[in-house]
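Chain and residue survey
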Amino acid sequence: MSQPALPFGSVDDLQTSLGEHAYLADRGLTTAIFLSLSLGRPLLLEGEAGVGKTEVAKVLSDLLGRRLIRLQCYEGIDASQALYEWNYSRQLIAVRAMDAREADTHVQDLFGPEFLVERPLLAAIHAGSKAVLLVDELDRADDEFEAFLLEILSEFAVTIPEVGRVVAQTPPAVIVTSNRTRELHDALKRRCLYHWIDHPDLDREVAIVRVRAPHVSDALARDVAEAVERLRQLDLAKVPGVAETIDWANALAFLGAERLDAALAADTLGAVVKDHEDQALVVPRLAEVVGEDG
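One structure accompanies this document, and this report is about it.

What counts, and at which threshold
- Residues numbered from 1 in each chain as written.
- Predicted model: local features only at pLDDT ≥ 70, side-chain atom pairs only at ≥ 80, totals over all residues.
- Heavy atoms only, no water.
- Helix = DSSP H or I, 4+ residues; strand = E, 2+ residues; numbered from the N terminus.
- Buried < 20%, exposed > 50% of the residue type's maximum accessible area, 1.4 Å probe, protein only.
- Contact = heavy atoms within 4.5 Å.
- Areas by Shrake-Rupley, 256 points an atom, 1.4 Å probe, with all protein chains shown as cover.
- Lys, Arg positive; Asp, Glu negative; His and termini not counted.
- Charge placed at Lys NZ, Arg CZ, Asp CG, Glu CD.
- Axes fitted to C-alpha atoms, helices over the stretch in contact; angles between N-to-C directions.
- Parallel < 35°, antiparallel > 145°, perpendicular 65-115°, else oblique.
- Left-handed = near helix turned anticlockwise from the far one by under 90°.
- Nonpolar A, V, L, I, M, F, W, Y, C, P; charged D, E, K, R; others polar.
- Pairing = 2+ DSSP bridges.
- Core = buried A, V, L, I, M, F, W, Y, C linked by side-chain atoms within 4.5 Å.
- Phe/Tyr/Trp six-rings, centres within 6.5 Å; stacked < 30°, edge-to-face > 60°.

A tally of helices and strands in the protein chain yields 14 helices and nine strands. Projected onto its principal axes, the C-alpha positions of the protein chain cover 85 × 45 × 35 Å. Here the protein chain holds 294 residues, and 46% of them are scored as buried. Contacts in the protein chain between residues far apart in sequence, at least 24 positions, make up 74% of those at least 6 positions apart. Here the protein chain has roughly 14700 Å² of accessible surface; of this, 49% comes from carbon and sulfur atoms. The averaged location of the 49 negative side-chain charges in the protein chain is 4 Å from the averaged location of its 29 positive side-chain charges.

As structure tokens, then:
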């Protein structure tokens, strides 16, 4: 399948464009995205929760002017929920409206496009290069669904018995995310390009806060980023991601804080530490977290 023209001609151009859309990607991630789009290969992004995996698809949709189609994975998801199903209630109404003598001759009409309910994968096949398909949190699905997804991603085509074969003329951009709570099959990884997104370093996290929350001062953004960096070194069940850093900075700025101290951290801890047992661990160490212990 041929690839549509892209509005950027190099990794540097793409990195600049992502920054203009408030996504500060490092060189490695930008290169992975660029190759994925240029080669028409799905991009598998793994990393801890909150590091910006899902945001990649959202930003690309905006940057490329394409429709974002999201398939949210969960335990028990199956092909019909991801691909298509028939609108049975509408079919039933149509049957009741038919003349009994004509029903047999019109039975095939009940399986026309107007009765077909598109789910994300079929919608992405139809949309082709006008879409960015986000397959979010694939690790939550089971092995059977993963194998089904691999089949779809291999050809961007599906056969619907009552309709026939549906093939994407040009493939959509595909971003697959996983929190790595379950090891994905090697076959899927071979089909995709791969990139691990780690938590950003301190300076990059400060820059991200400033871009996403420009009303937060540089000093407060740095205080918050340093505190979150220390939190990540603790044995927490739910390690705060970049999203929590931004939430915390926003909450503190809304309260009029200019810098972060232990008292403010205690008052606003729910913006960044979102587990009761984690909070019990953190509260006695707030002075250490905000850098007041030395």
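Our next topic: the packing of helix H10 (residues 218–231) against helix H11 (residues 242–254). For the pair H10 and H11, the least separation of the axes is 10 Å and the interaxial angle reads 135°. Between H10 and H11, the angle is such that the two are oblique. Relative to H11, H10 is oriented so that their crossing is right-handed. Where H10 approaches H11, its residues Leu220, Val224, Ala225, Ala227, Val228 and Leu231 are matched on the opposing element by Thr245, Trp248, Ala249, Leu252 and Ala253. Along the lines of polarity and charge, the residues of the contact of H10 with H11 split into 10 nonpolar, one polar and no charged.

Turning next to the pairing of strand S8 (residues 173–178). By the criterion of burial, S8 is predominantly enclosed, with six of the six residues buried. Side chains Ala173, Ile175 and Thr177 of S8 all project onto a buried face; the interleaved residues Val174, Val176 and Ser178 project onto the opposite face, where all are buried too. Looking at chain direction, strand S1 (residues 43–46) and S8 are connected through four bridges and run parallel. Counted as the bridge partner of Leu44 is Val176 from S8. Both strand S5 (residues 131–136) and S8 contribute to a ladder of four bridges, which runs parallel. Within S8, the position partnered with Val132 by the bridge is Ala173.

Another aspect to go through is the nonpolar core. With 37 residues, the main nonpolar core has Leu121, Leu122, Val135, Leu138 and Phe145 as its most contacted residues. Those elements giving two or more residues to this core turn out to be strand S2 (67–72), strand S3 (84–86), helix H6 (120–127), S5, helix H7 (143–155), strand S6 (157–160) and S8. Considering every element that reaches this core, the biggest residue donor is H7, with six residues. Not counting the four nearest positions on each side in its chain, Leu122 is found in contact with Ala82, Leu83, Tyr84, Leu116, Val158, Ile160 and Val166.

In spatial order, the strands read S2-S5-S8-S1-S9; together these five strands make up an open sheet with parallel pairing. Since the sheet does not close on itself, it has two edges, and those belong to S2 and strand S9 (193–196), each with one partner. Each neighbouring strand pair of the sheet contributes to a mean axis angle of 20°, computed without reference to strand direction.

Right, let's talk about the environment of Leu264 for a bit. Tracing the chain through its elements places Leu264 in helix H12 (residues 262–267). As a C-alpha pair, Leu264 and Leu252 span 12 residues in sequence and 7.7 Å in three-dimensional space. With residues near it in sequence (within four places) discarded, Leu264 still touches Leu252, Ala257 and Arg259.

Right, let's talk about the packing of aromatic side chains for a bit. Summed over all chains, the structure comprises two aromatic pairs. Residues Phe145 and Phe148 carry aromatic rings whose centres are separated by 5.7 Å and whose planes lie at 50° to one another, so their mutual orientation is tilted. A residue pair is termed a helical-turn pair when its members lie 3 or 4 positions apart in one helix, as Phe145 and Phe148 do in helix H7 at three residues. Taking the relative accessible area as the measure of exposure, Phe145 reaches 3% and is therefore buried. In this structure Phe148 comes out as buried when scored by relative accessible area, which is 17%.

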